[in-house]
Amino acid sequence: QMVAKKAKVAFGTVHYYFGGAERSMEEAAIFYVGSEGQKFIAEYLRVAADKPGYNGLEEYIVGSFKWCKEYRYQVSYWMHFFYLASITSIFRDRNESFLATARQRIQRLIYEGVGMKRFPAVTNVEDLATKINGLLFGHGFVALADPTPGSIERGTKITLEAVRALVRSHAEGSRSPR
């Protein structure tokens, strides 16, 4: 009621968009932000797929940072979700599901890149995807929290460089430590 009054909308509208007692407004907001991020990145990848030299894994990284830049408040709220996941079991469970989905997407993009000859065949794709996901989120959070101009662009560049190095280190026949 209080939210509806403050927003100057009917209570039914708030209930419609944010669910009933089974789902809190916070959960609904997190679900919404996560869905919007996924849609943004999926659309970015769809458009990028038509570019010459398309590399899905790299475009996924660029698209993720572009979401950070264009929808800073959504991504900041997404960061809040990770905080909640570190202290609250209901969010921790949802985070486990989210992380599994993100790693699977990265694995598919790795296989796609190998198939398209964008990078060499790699070993232990699951491990590589886990590392890339950690790099992406770590650098994304740092870039988002960095108040200096160009932080998102620097984060994008650093992440791409690190991912390229990781892919090389996982190349079949590589002697690099894993």
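Whatever comes next refers back to the structure up there.
Residues numbered from 1 in each chain as written. Predicted model: local features only at pLDDT ≥ 70, side-chain atom pairs only at ≥ 80, totals over all residues. Heavy atoms only, no water.

Moving on to helix α8 (residues 151-169). Helix length check: α8, at 19 residues, gives a terminal C-alpha distance of 27 Å against a target of 27 Å (1.5 Å per residue), a fit within 8%. Buried within α8 we find Ser 151, Ile 152, Gly 155, Thr 156, Thr 159, Leu 160, Val 163, Leu 166, Val 167 and Ser 169. The inward-facing, buried residues of α8 abut α4 (56-70), α5 (72-87) and α7 (125-145). (Helix = DSSP H or I, 4+ residues; strand = E, 2+ residues; numbered from the N terminus. Expected span 1.5 Å × (residues − 1). Buried < 20%, exposed > 50% of the residue type's maximum accessible area, 1.4 Å probe, protein only. Contact = heavy atoms within 4.5 Å.)

Glancing now at the packing of helix α3 (residues 25-48) against α5. At a closest axis distance of 9 Å, the pairing of α3 and α5 adopts a crossing angle of 125°. One finds that α3 runs oblique with respect to α5. Remark: the crossing between α3 and α5 carries left-handed chirality. Residues Glu 26, Ala 29, Ile 30, Tyr 32, Val 33, Gly 34, Glu 36 and Gly 37 of α3 pack against Gln 74, Tyr 77, Trp 78, His 80, Phe 81 and Leu 84 of α5. (Axes fitted to C-alpha atoms, helices over the stretch in contact; angles between N-to-C directions. Parallel < 35°, antiparallel > 145°, perpendicular 65-115°, else oblique. Left-handed = near helix turned anticlockwise from the far one by under 90°.)

So, about the side chain of Ser 64. Here Ser 64 lies in helix α4. Using a relative accessible area of 9% as the deciding quantity, one classes Ser 64 as buried. Polar side-chain contacts of Ser 64 include one of 2.8 Å to the backbone oxygen of Tyr 60. The residues touching Ser 64, leaving out its near neighbours within four places in the chain, are Ile 41 and Leu 136. (Polar contact = N/O pair within 3.5 Å; in protein donor to acceptor, adjacent residues only side chain to side chain.)

Okay, the packing of aromatic side chains next. Taken as a whole and judged by the stated rule, the model has eleven aromatic pairs. The interplanar angle of 65° and the centroid separation of 5.3 Å between the aromatic rings of Phe 82 and Phe 137 together place this pair among those described as edge-to-face. Residue Phe 82 is found in helix α5, and its partner Phe 137 is found in helix α7; the two are separated by 55 residues along the sequence. Like Phe 82, the residue Phe 137 is buried in the burial classification. Pairing Phe 137 with Phe 141 gives two aromatic rings, centres 6.1 Å apart and planes at 85°, and the pair type is edge-to-face. Here the residue Phe 137 and the residue Phe 141 both occupy positions in helix α7, the gap between them amounting to four residues, near one helical turn. Overall, the relative accessible area of 19% leaves Phe 137 in the buried class. Following the ring pairs from residue to residue traces out a cluster consisting of Trp 78, Phe 81, Phe 82, Phe 91, Phe 98, Phe 137 and Phe 141. (Phe/Tyr/Trp six-rings, centres within 6.5 Å; stacked < 30°, edge-to-face > 60°.)

Looking now at the environment of Leu 45. Here Leu 45 shows up in helix α3. Each C-alpha atom of the pair Leu 45 and Ser 64 lies 10.0 Å from the other, and the pair is 19 residues apart in sequence. When sequence neighbours within four positions are dropped, the list of residues in contact with Leu 45 reads Tyr 54, Gly 56, Glu 59 and Tyr 60.

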